Structure formats: C-alpha cells, structure tokens
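Letter by letter, the chains look like this.
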2 protein chains.
Amino acid sequence: MSPSFEVTILGASGGPLEGTTQCFMVRPTRLDTLASICVDAGVGLRQIIHTLLDSKGTLDAEAQIESFYENDFEPASSFVHPEAPYKLGFSESILHSLKKAMGESKENLNTMDVALQLFQNLKEYYVTHPHLDHTNALVINSPSIYDPRFPSNKTVYGLPFSVEGLKKHIFNDVSWPNLIEDGTGMLEVEALKSESSHDCKIFPQWNILPFKVSHGVGASDVLDHIYSTVYLLRDRKSNDCIVIGGDVERDPKTGNKIYLDKVWQYLASNIPPKNLKGIFIECSSPNSSDDEHLYGHMSPNHLIQELSRLRGLYNNPNCLDGLNIIITHTKMISSNIDPRFIILRQLRELAKVTFMEKVLFSIALPGFTVVL
Amino acid sequence: MSPSFEVTILGASGGPLEGTTQCFMVRPTRLDTLASICVDAGVGLRQIIHTLLDSKGTLDAEAQIESFYENDFEPASSFVHPEAPYKLGFSESILHSLKKAMGESKENLNTMDVALQLFQNLKEYYVTHPHLDHTNALVINSPSIYDPRFPSNKTVYGLPFSVEGLKKHIFNDVSWPNLIEDGTGMLEVEALKSESSHDCKIFPQWNILPFKVSHGVGASDVLDHIYSTVYLLRDRKSNDCIVIGGDVERDPKTGNKIYLDKVWQYLASNIPPKNLKGIFIECSSPNSSDDEHLYGHMSPNHLIQELSRLRGLYNNPNCLDGLNIIITHTKMISSNIDPRFIILRQLRELAKVTFMEKVLFSIALPGFTVVL
C-alpha cells in the first residue's frame, strides 16, 4: 500500500518558547503542484524558509534538533521510532514541484521568493483553537497575502469558537489589522460544524472531519470551559485517514465519554485499522506532573489509556500494531532531561505493560516530513 | 563619557516572518545583577537562548544574519555603521553576572535553566502597542512565570490602548489563558499616561516617558485611528537618554504636529545633544513604496524629514553628529535585494543631501547588543 499523506511538521512544541509552536503542513502524496493546507499556524513562513534550507542538506536522522537540556542540540534519531517514515525537510514531491515552478519562472528567485511561492499555495488553514501558540504565525504572516509578486488568498477554517475568537479578538484592528473585513476578500474565515464532514476545496479527494474536544477550563473562571479540535483527514479514494489534534485533555474517567472518545468511536466504526495511517496527538507533560497541573492537557498515562480505549472499540488486540503515533505540543519546561525524551520513555514503558509495544511512538520534529 | 545603556536586540523585523519581530532588552551599563526590562515582546525566551549560544562564539562583525535575498545569510557588518557600538551576543555585564549566578548555584544548569534565569530577571515589559508582532512572545512565554524552579512575577506597562488591548483581547481565556486574573498576582498590567514620567521599579535611576504616536488607521474602518508608543528612557544621574519607538508614522506635513513631534520637542527642550545617546526607530519600507501604501509606517524620506525637524528644534546644525539611529521594523517583503540594505542606502544618500552624513545609521540586528 502506498502512502496517502505527506505531513511536514513546521513546529510542534507546546511553548513556552516562541517560534516553535504547532503547525502541520499537509498534502496528498504524489502531487505535482505546490498546494498544501495547514493544521494550526503556530509557526509559518520563517519555518518554511528554514525547512527549505534544510531540504538542501544531506543530513537526515542525524539532523540536529534544538533541545537546550543535556545538550543544546540532539540528533533527530533520538526522538523518532526507527521504523517511522521520517524525512528531513520537505517531501520529494514539493521539491520536484518547486524545481518545475522555478524552471518556468522568468525571474531569478531567491529563498524568500521560493518560500512565498510555497506560502501562496497554502490555501486553507484548519485551526484547532484560538490560543496564540496555534494561530500567531497565521496572523504575523498575513500581510504576505497581498505581496504584489505572490498574492495569495486564503481561507481559515475552524469550529465556531475558533472562528469567533479570531474575528472578535485577533483580526479586529486592535490586536492586528482587520484583514478579514478590509474589503479585499483575500482572507476569509469560515466556520465548520463538529462531526460534520467538510470537503477540502484544494484537495477534493479529501474529507475533513472536525471533532470538538475538551481543553480544560478558564484560568480566571473555572466554570468557563475551553475547547479545541481534533481533525480527521480522510482520502476518499483509498479510505486512508490521519488524525491531527490540537491541545486536548482526556475525557473524564467516569461518566459520559463525550469529547475525545467520539474520535475513537468514529475511527473504530468507519476506518479499518489498515487505513488508519497515523495519529498526531499532544502529550504536553510527563507523568510526574500531578493531573490537576495539566491544565487541559495529556500525560503519557492518559494517552496510553486513550489508545487502549481505541483498541477496545476496534475489538482487535493487534489493531494498533505498526500505527504511527506522533507526539506534539510537549511543554519545554525547566528540566534536567529534555521533556520529550521523558515522555517518549514513559510512553514506551507503558506500551510494553499494555501490550502496545508495536505502536510506533515518535516526537513531532520541526523541519521533518512524515509520509503516511 | 562612559555609556549608560545596554540594549540587546532580540528581534527587530516588521514581519511577515514570525519569530523575528521587535523586542529590545534594556538595562543600565555596569550592572552586576541579571535585571533587565523589555521594550516590546515580539520575541523572547527562545531568542534569549539563541543570543546566549551566540555569546559563546567568537564571531562578531562577521556574524551571519538571516537575510534570504541575494544570499541566505549576510555578514552583520553590512548592516551596521562601522562606528556603531555593536557587539555580538549579550553584554559583558550580563555574561559576568550569569557566571556569578551559576557559580553560586548548587545545581548543574543547562541552557534552558540559564535562559530561564535571565527571563526570571526580566521584570518589566514596556509595550508600544497591542499588535501581535510586538506582544506575542510575552504571551507564549508567559507560562514560564510559574516555573517552579524559576518563578518570576512580571508587570506589563503600556499606554491605556495597549493595556486594554492585552486585557480585553489576549489574556481573556479565549486567545490565551487569563493569567492576569488567575488569582496568583504573578502577571500584572499597569497603564501609563502619555507624556507623564514613570519611575522604573527595578532601575530606580531611570525615568521612562511614553509618548502616544500615530500608527495609521483601521484596515476595516479608516475612521478608526490606531496608536502606538515611543518610549524615552532617561538616566537621572547622567541625564543620558535613549529613545525606543514602536511602529509609527510621521505627523502630517501640514497642520498640527501633535504626535511624533512631541518626542522631538521634548528632546530639544530637555536633553542636551550630548546626552541623546541613540534613537531606535522604525523605517518599515523603502522609498519605492507609495506613501498611501505605508499603512501607518515610515520610509527613509519620512525619517530624514523627522530628523531634520529634530535638528531644527535643537537649533544647532551639528547636534545630530555621531548620533546612533538604529532602524527597526523593516518589512521583509519580496525583493531582489534585502529591504534593509535598500533602506540603509537610501537613508545614507538622503543624509548626505541634508548635511546629516555624520549621523550613524545602522539596522537593528537580532542577537546583538548596542552599548550607548
């Protein structure tokens, strides 16, 4: 079976470092254009440039990743399952399409131009929630939409709480120029409906299904529930599917399983295990954190419990064997050891105990492409 | 005369690239602690880490700066006046204080810890306006305030439109957890009054004077006026002073000079030219841009006119000789040549024509410290 999805991880941390937060650039495999979509936009144009520069290099598994703990940089191989389909830089199909586009260009394009071409072809953003670590590059990059040499209209999709958040609090001429209502129509926002299938416009073979999930409570008012989104991307032809989530907490241990569990229920009912190609999911903190200090996030204990639940719903003990689970949004807090290493070790240990040792756990690494 | 101010430029671009936007870390010279303040917060903790790593190197004027135009990196010397007091990395006094602090520590501190120590000692932010390219790292970094090993309460200052923008639209549990009202009191915001002197708390020898300036009109409603701030930092002992501005447009050519001109009027009336040590001011676009496409920003023509006005108010043709003008917020748009090179060339050409060739024009370079 050939893979269906190319996911270039532009950023994946859960802060507190700026300039590294979550953005996944996604497109079908074997595409001969530069088109792509993004899930979240914690980083953008500058990370596209850096990923382009890395794509020129020959390093791969030994590529150096910013760490700043035991060592300032660590080799990529330390974060990734050896069988995970990771590649440094953009996919071959993007590099090939870029070469073609540059061959056809009458201009001598520099790196900024090449990056703007890629940015121009990024037509749709799917935002998981309005927190700025998931949206700020979409904002900061937005003036490029009007670049006279590389104009590019874009649509931002999200569940109503995301769309309303961006309209009311970000693109409002206070936090940022209101480019949504500037009369040009270049930037549009459109609300999706939870659990309602959306047809991706630039990739008509894709259905995108958003699930509203829980992301804790307000910092100033604990009665104020905060939400986020898990997106399920399905290729209609192959029925292959990947899941990309924003920040999320597990459903309560007792009572109704009404948020994240709906994703598992949908997968178990609609996507045969062989078509479930990968799950990008947050694991913000190691197990050492008390559950009450997770603030709407997950730890390895929770993630393993959620995967056990998914396996149970599939009712097949081997259904997750070989599945790529890509961990995102780890918080880079003060620590003696890189928190991503701790989380990966805890996940792998728990996976053994729960008979999930064949699940392929990796950390989402900025500047890498995962082909699924 | 020994210098009074150390300004570490953490970021300086006017977008559209994320992760490089304006933040100046400022402290008095000859300080033997790690204390500092920031004017704006377009970048933060991650740039502190990168500046720390650069401080270990021996490169200086030939340090490589991200450009992505003719070359992907250009030597720092191409952006800086040869007489400008630029130094790669943090100041000697910060490095010395860090060494002392680490010597006293019983722990083995890694780069993240060292950066968090610096961040912990950054007690006050002075925000020029609420646009996200000037505030987003303050937001994304904010969970570090609670780091159990390096807790750090902080106060954000700004004119009322900045403070209100942050409270209403950013720290509101929609765009970001409302850490201002989370009951801990760790993050506070406090409004300043335009043209009213504020006593800096961690540096009691400093007066900080905010001036409300004009920054164009709303993108959705041209009747909606957008404002920004120019800060004047004055050392009470030496009477030395530096000016650091956010985004700003010049005052109208005709009619009342009511915004930026007040800064020049104040300087000419209160600060002898020898005490005016430097002006950090935006020049977002080259002169090729039509004035109506500046969107509340300045071009070299405007900046030279403003400096001429300042010289006129001082009523001394040589008063600006040797003055460091540090250009910030250049927009990194599509171009054959790095827009910062174009702006610098245009400024220097105009300076000749207007008899200001002894003004020292440089570009604000991320990761460098200017000692003034």
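Worth saying up front: this structure is predicted, and the values here are computed from it rather than measured.

Asker: Which parts of the structure should I look at to understand the relation of the copies chain A and chain B?
Answerer: In this arrangement, two copies of a chain are superimposed by a rotation about an axis accompanied by a shift along the axis. With an RMSD of 0.0 Å, the fit of chain A onto chain B corresponds to turning through 180 degrees and sliding 0.0 Å along the axis. Overall, the copies show the geometry of a two-fold rotation axis. A shared binding surface is used by both copies, with 100% of the interface residues of chain A retained as interface residues in chain B.

Asker: Can you help me understand the packing of helix 2 (residues 92-104) of chain B against helix 3 (residues 111-120) of chain B in this one?
Answerer: The packing of two helices is summarised by the inter-axis angle and the distance between the axes. All names here are of chain B. Contact pair helix 2 / helix 3: the axes reach a minimum separation of 11 Å and the direction vectors enclose 115 degrees. By the angle between their directions, the pair helix 2 and helix 3 is classed as roughly perpendicular. When you trace helix 2 past helix 3, the crossing you get is right-handed. Residue-level inspection shows Ile-94, Leu-98, Ala-101 and Met-102 of helix 2 in contact with helix 3, the latter providing Val-114, Gln-117 and Leu-118. In terms of residue class, the contact of helix 2 with helix 3 is built from six nonpolar, one polar and no charged.

Asker: Explain the packing of helix 1 (residues 45-56) of chain A against helix 3 (residues 111-120) of chain A to me, please; I cannot follow it from the model alone.
Answerer: Residues and elements named next belong to chain A. Orientation of helix 1 relative to helix 3, taken along the N-to-C sense of each, is 115 degrees, at an axis distance of 9 Å. With respect to their mutual orientation, helix 1 and helix 3 come out roughly perpendicular. In this structure, the crossing between helix 1 and helix 3 has a hand that is right-handed. The residues of helix 3 that touch helix 1, namely those facing Leu-45, Ile-48, Ile-49, Leu-52, Leu-53 and Lys-56, are Thr-111, Met-112, Val-114, Ala-115, Leu-116, Leu-118 and Phe-119. Here the contact of helix 1 with helix 3 is built from residues that sort into eleven nonpolar, one polar and one charged.

Asker: What should I look at first to understand the environment of Arg311(B) in this one?
Answerer: All names here are of chain B. The topology assignment puts Arg-311 in helix 7 (residues 300-314). With 38 residues separating them along the chain, Arg-311 and Pro-273 place their C-alpha atoms 9.6 Å apart. Those residues within four positions of Arg-311 in sequence are excluded, and the remaining contacts are Asn-316, Pro-317, Cys-319, Leu-320, Thr-354, Phe-355 and Met-356.

Asker: I tried to follow the pattern of salt bridges on my own but got confused; where do I start?
Answerer: Opposite charge on two side chains permits them to pair, given that their charged atoms come into close proximity. Per the counting criterion, the structure on display carries 18 salt bridges over all chains. One salt bridge in this structure joins Arg46(A) and Glu66(B), with 2.9 Å as the shortest N-O distance. Within this pair, whereas Arg46(A) is found in helix 1, its partner Glu66(B) is found in strand 4 (residues 64-66), the two belonging to separate chains. Among the residues examined, Glu66(B) registers a relative accessible area of 22% and is labelled partly exposed. In this structure, Arg27(B) engages Glu6(B) in a salt bridge whose closest nitrogen and oxygen atoms are separated by 3.3 Å. With Arg27(B) in strand 2 (residues 23-28) and Glu6(B) in strand 1 (residues 5-11), this residue pair connects regions lying 21 residues apart in the sequence. Exposure class is identical for Arg27(B) and Glu6(B). Each is buried.

Definitions and limits used
- Residues numbered from 1 in each chain as written.
- Chains lettered and ligands numbered in written order.
- Predicted model: local features only at pLDDT ≥ 70, side-chain atom pairs only at ≥ 80, totals over all residues.
- Heavy atoms only, no water.
- Least-squares fit on C-alpha atoms with pLDDT ≥ 70 in both.
- Contact = heavy atoms within 4.5 Å.
- Axes fitted to C-alpha atoms, helices over the stretch in contact; angles between N-to-C directions.
- Helix = DSSP H or I, 4+ residues; strand = E, 2+ residues; numbered from the N terminus.
- Parallel < 35°, antiparallel > 145°, perpendicular 65-115°, else oblique.
- Left-handed = near helix turned anticlockwise from the far one by under 90°.
- Nonpolar A, V, L, I, M, F, W, Y, C, P; charged D, E, K, R; others polar.
- Salt bridge = Lys/Arg side-chain N within 4 Å of Asp/Glu carboxyl O.
- Buried < 20%, exposed > 50% of the residue type's maximum accessible area, 1.4 Å probe, protein only.

Remember, this is a structural readout, not a statement about activity or role.
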